[in-house]
Amino acid sequence: MAKSTSTPGKKSKSADLLKFTTDATNATITTDQGLKINDDHNSLKAGERGGTLLEDMILREKITHFDHERIPERIVHARGSGAHGIFKLNRSLKEFTKAAFLCDTSRETPVFVRFSTVAGSRGSTDLARDVRGFAVKFYTAEGNYDLVGNNIPVFFIQDAMKFPDLIHSVKPEPDNEIPQAASAHDTFWDFISLMPESTHMVMWVMSDRAIPRSLRMMEGFGVHTFRLVNDKGQGSFVKFHWKPVLGIHSVAWDEAQKISGKDSDFHRRDLWEAIEEGNYPEWELGVQIIPEKDEHKYAFDLLDPTKLVPEELVPVQIIGKMTLNRNPDNFFAETEQVMFSPAHLVPGIDFTNDPLLQGRLFSYTDTQLSRLGGPNFHQIPVNRSVNTIYNNQRDGHMQMQINKGKSSYSPNSIGGGCPFLAKAAEGGFTSYAERIDARKIRGRSKSFRDHFGQAALFYDSQSEPEQQHIKDAFSFELSKVTAPAVRERMVNTLTNVNLELAKYVAGKLGLPLLQKAIPVENGAIPADGNPKDYAPLKVKQDIEQSPALSMAGSKKGIIATRCIAVLVVNGTNAATLRELQKATAAKGAKIKLIAPTLGVVKTADGKQIQPDETLFNTASVLFDAVYIPGGKMAVDALAAEPDAIHFVNEQFRHCKAIGADKDTAAFMEKTSYHDGEGIITDGNIKQFLNAVGQHRFWERETGRKAPA
Ligand code: HDE
């Protein structure tokens, strides 16, 4: 039998990649043929002022390579950021699956993760209102397993057939290619308003989940129901969850739009810096396991990707932790060339008949043929399995493997019958023996017709500020739609979710409420019925609220890796700076000194400090909180700085913690802040840092807004 060169669970993917890594330190420049180059600044010419000679193979090689540097970006999820890490299992799922990386708690499985937005092009802003991709490649000893998920647990559509339509509608409009990385335009809402099945998903996309504070502070979901299969061949349904150790946090919409201008790489930079600083992002992997006998127990169909399984009905069991601990060496080679596919399985995990998943199983390898230029993309270092690949696939563009021997077919006798097949007991993949007894049909199950039950459950589970943000997001997006009929249809859709929400949005759009809500159906919907009858339903859910769907209850109090701006100027109170530095470092947070210029600042006690940034090169939206140290001279100088006043006003408007020394009144009175939660002006640094740990004080939004 062909032997794998890897030691199960032990081999480091990093070591594997190093074989393909070059480092030019102390090296001599060469051509692609290994010829040492003597002059890389001048082309070969016929005399000093003469024409360039065609024979200059060094120039031609360099420019030809440059001409072909770009490859097609991903059609969706083009904008992404990646990182390497490890997954450590701490609870065995042996009872449910034979997937070894989910059974053996002594293993550490290398991973590569790529986070992405969906709609924008490769260079678009990180802070677009959008779903985030959360794709994880596990380099297991049994082969690569990809969990290609999102940060939202449901999807827009139920059937793969509608995916190109959905994506065409959200992408920039085809005549003028406007707008970039935004759903607030006619074609998207036209499509959504005609596709009631997307209602649950758009509730999430209009919520703050679509504008995360950090990629490190968002959940991940496998979305579809998958299947676990144990060594006895028994199956269970499973939903996968990633829970961020830092909690789930978002920014304000006004802030997101401003970040897009001030630092459109905000998420990418945040992830990169956290890893460089050793603040390794972590997520716990959770599973919801549903026995096969419970397939039809709930008010929704497990195969319908517009539905989630509320955690209150089936708890999420935490089984392991993923830590991202290494930035890629080269963005293109790794983050751009990585390819994921939901079809990359290991024994012990299998598909279900979710019709969206079924379509995805085809799409991901297909798209690489045009993106990566041929069928050998699995040989690119970041895509390689830790196992050596033996099969009879041959040739094709950019074949890197040198396959020895004469036989490239099976069965063969010339090659001694190699490579051999693996029995299931030896790790050979066998598909779950699901019973299928059906007639061919182009249609949908009636059990997929509840388009509003879970949309309402989501809205009803949000805190008041979260509901307000959803109302504002719908109002914003739909006010950008120019077609009146589309706005009206969307208000009608919202009527079926929540009347108060629909009224609010209608009010903002200057529309009357035209339609009554459809009645709520009681109990589970039958799985049979006319498959051509798509009239949407609203089905009463098993629970009325699901607290797990709200971010309000997410973990608070952690300020590690948060970035606090401290406004400094000549005369700043040095004692406060020292105390702040000590207290924030003790909690793993960072402070950045912001001054009117990059020149050295003299503190009140004559010390010299170097500012990190200036009021003119950074912005309040890039910080989690602000502190204003005292010192009479400094306070007077800040009071005369419009940018400093604006900085604090914006922190107030975006509901962030504001701290100040007692003697800063002359400055604080110039700002538009009002007293309230999260504003500590008596110099109590402990209380200020506690406030930072609360993330935001959204209640402030109901009061008067600061003119920022
Ligand atoms: Fe994808 N999706 N998708 N998708 N998707 C791609 O694959 C597709 C869907 C997701 O960082 C593409 O390599 C179809 C759901 C992520 O490289 C493409 C359908 C979910 C990423 C594709 C879906 C996802 C992709 C584009 C409906 C969440 C980025 C380039 C049937 C569970 C992965 C590529 C990365 C990327 C097709 C729906 C997640 C075109 C046809 C649902 C995270 O193949």
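Residues numbered from 1 in each chain as written. Predicted model: local features only at pLDDT ≥ 70, side-chain atom pairs only at ≥ 80, totals over all residues. Heavy atoms only, no water.

Novice: Describe the overall build of the protein chain, and please don't skip the residues or the numbers.
Specialist: Along the protein chain, the regular secondary structure elements total 18 helices and 20 strands. Here the C-alpha radius of gyration of the protein chain, 28 Å, is about what a compact globule of 708 residues would show, namely 27 Å. Taken over the C-alpha atoms alone, the protein chain extends approximately 90 × 85 × 55 Å along its principal axes. Here the contacts in the protein chain between residues at least 6 apart in sequence split such that 73% fall between residues at least 24 apart. Of the side-chain charges in the protein chain, 85 are positive and 87 negative, and the distance between the mean point of each set is 3 Å. (Helix = DSSP H or I, 4+ residues; strand = E, 2+ residues; numbered from the N terminus. Rg over C-alpha atoms; globule rule 2.2 N^0.38 Å. Contact = heavy atoms within 4.5 Å. Lys, Arg positive; Asp, Glu negative; His and termini not counted. Charge placed at Lys NZ, Arg CZ, Asp CG, Glu CD.)

Novice: Quick one: what's the story with the sheet that holds strand E14 (residues 590–595), residue by residue and with numbers?
Specialist: Strand order in the open sheet formed by six strands is E17-E14-E13-E18-E19-E20, and the pairing between neighbours is parallel. Whereas interior strands pair on both sides, the edge strands pair on one side only; in this sheet they are strand E17 (613–614) and strand E20 (679–680). Summarising the sheet, E14 and E17 pair through two bridges and their orientation is parallel. Within the sheet, the bridge partner assigned to Ile594 lies in E17 and is Glu613. (Pairing = 2+ DSSP bridges.)

Novice: Which residues make up the site of the ligand, and what are the values?
Specialist: Around the ligand lies a shell of 22 residues, among which Arg74, Arg114, Ser363, Tyr364 and Gln368 are the nearest. Between Arg360 and the ligand, the recorded distance is 3.4 Å, taken from a side-chain N or O atom to a nitrogen atom. Ser363 places a side-chain nitrogen or oxygen 2.9 Å from an oxygen atom of the ligand. Those elements giving two or more residues to the shell around the ligand turn out to be strand E3 (132–140), strand E4 (143–150) and helix H9 (355–371). (Near = heavy atom within 4 Å. Polar contact = N/O pair within 3.5 Å; in protein donor to acceptor, adjacent residues only side chain to side chain.)

Novice: Give a description of the layout of surface pockets that names residues and reports values.
Specialist: One water molecule sets the probe size; rolling that probe over the atoms shows where empty space is left. What the second largest pocket holds in volume is close to 1600 Å³. What lines the second largest pocket is a set of 41 residues, and nearest its centre among them are Pro355, Ile441, Gly443, Arg444 and Ser445. For the lining of the second largest pocket, the residue count by class is 14 nonpolar, ten polar and 17 charged. Three or more residues apiece are contributed to the lining of the second largest pocket by two domains, here domain 1 (48–383) and domain 2 (445–552). (1 Å grid on protein atoms, 1.4 Å probe; cavity = no way out; pocket = protein on both sides within 12 Å on 5 of 7 lines; lining within 4 Å. Points joined across faces, edges and corners; volume = space filled by probe spheres on them. Nonpolar A, V, L, I, M, F, W, Y, C, P; charged D, E, K, R; others polar. Domains from an automatic or database assignment.)

Novice: For the domain arrangement of the protein chain, give the residues involved together with the corresponding values.
Specialist: Each domain of the protein chain was delimited in the assignment, giving domain 1 (48–383), domain 2 (445–552) and domain 3 (556–702). Using only C-alpha atoms to locate each centre, domain 1 and domain 2 end up separated by 26 Å. Taken residue by residue, the interface counts 41 residues in domain 1 and 42 residues in domain 2. Summing the contributions of domain 1 and of domain 2, the shared interface buries around 3700 Å²; its carbon and sulfur component is 65%. The largest contributions to the domain 1 side of the interface with domain 2 come from Trp189, Met203 and Ala299, which together make up 18% of the buried area. At the boundary of domain 1 with domain 2, the tally comes to one salt bridge. Between Arg489 and Asp190 there is a salt bridge, and its shortest N-O distance comes to 2.8 Å. (Buried area = accessible area lost by both parts, 1.4 Å probe. Salt bridge = Lys/Arg side-chain N within 4 Å of Asp/Glu carboxyl O.)

Novice: Now, about the environment of Ser475: what can you tell me, with residues and values included?
Specialist: Relative to the elements of secondary structure, Ser475 occurs in helix H11 (residues 464–479). Using a relative accessible area of 8% as the deciding quantity, one classes Ser475 as buried. In contact with Ser475, other than residues within four places in its own chain, are Tyr504, Val505, Lys508 and Leu509. A distance of 2.7 Å separates a polar side-chain atom of Ser475 from the backbone oxygen of Lys471. (Buried < 20%, exposed > 50% of the residue type's maximum accessible area, 1.4 Å probe, protein only.)

Novice: Go over unusual backbone geometry with me, naming the residues and quoting the values.
Specialist: A negative phi holds for most residues other than glycine; trans holds for most peptide bonds. With an omega dihedral of -5 degrees, the bond running from Ile178 to Pro179 counts as a cis peptide bond. Along the polypeptide, Pro179 turns up in the loop between helix H3 (163–170) and helix H4 (186–193). The omega torsion of the bond from Cys418 to Pro419 falls at -10 degrees, within 30 degrees of zero and hence cis. You can see Pro419 is positioned in the loop between H9 and helix H10 (453–460). One non-glycine residue, Glu177, lies in positive phi territory at about 50 degrees. Mapped onto the elements of the fold, Glu177 is located in the loop between H3 and H4. Given a relative accessible area of 59%, Glu177 falls into the exposed group. The residue Thr561 is not glycine, and still its phi comes out positive at about 70 degrees. Following the sequence through the fold, Thr561 ends up in the loop between strand E12 (538–539) and strand E13 (563–567).

Novice: Any details on the state of the cysteines? Residues and values, ideally.
Specialist: A full pass over the atoms with the stated rule returns zero disulfides. Among the cysteines around Cys655, which has no disulfide bond, Cys563 carries the closest sulfur, lying 19 Å off. On the accessibility criterion, Cys655 (0% relative accessible area) is buried. (Disulfide = S-S within 2.5 Å.)

Novice: Outline the environment of Gln651, supporting the account with residue identities and numerical values.
Specialist: Of note, Gln651 is situated in helix H16 (residues 642–653). The exposure class assigned to Gln651 is buried, which follows from its relative accessible area of 0%. Separated by 408 residues in the primary sequence, Gln651 and Lys243 place their C-alpha atoms 28 Å from one another. A distance of 3.4 Å separates a polar side-chain atom of Gln651 from the backbone nitrogen of Val626.

Novice: Tell me about the packing of H11 against helix H13 (residues 499–509), and please be specific about residues and values.
Specialist: Contact pair H11 / H13: the axes reach a minimum separation of 9 Å and the direction vectors enclose 40 degrees. Relative to H13, the element H11 lies oblique. As for how H11 packs across H13, the hand of that crossing is right-handed. Each of Gln468, Ile470, Lys471, Asp472, Phe474, Ser475, Leu478 and Ser479 in H11 lies in contact with H13, whose residues at this interface are Glu500, Leu501, Tyr504, Val505, Lys508 and Leu509. Across the contact of H11 with H13, the residue classes break down as seven nonpolar, three polar and four charged. (Axes fitted to C-alpha atoms, helices over the stretch in contact; angles between N-to-C directions. Parallel < 35°, antiparallel > 145°, perpendicular 65-115°, else oblique. Left-handed = near helix turned anticlockwise from the far one by under 90°.)

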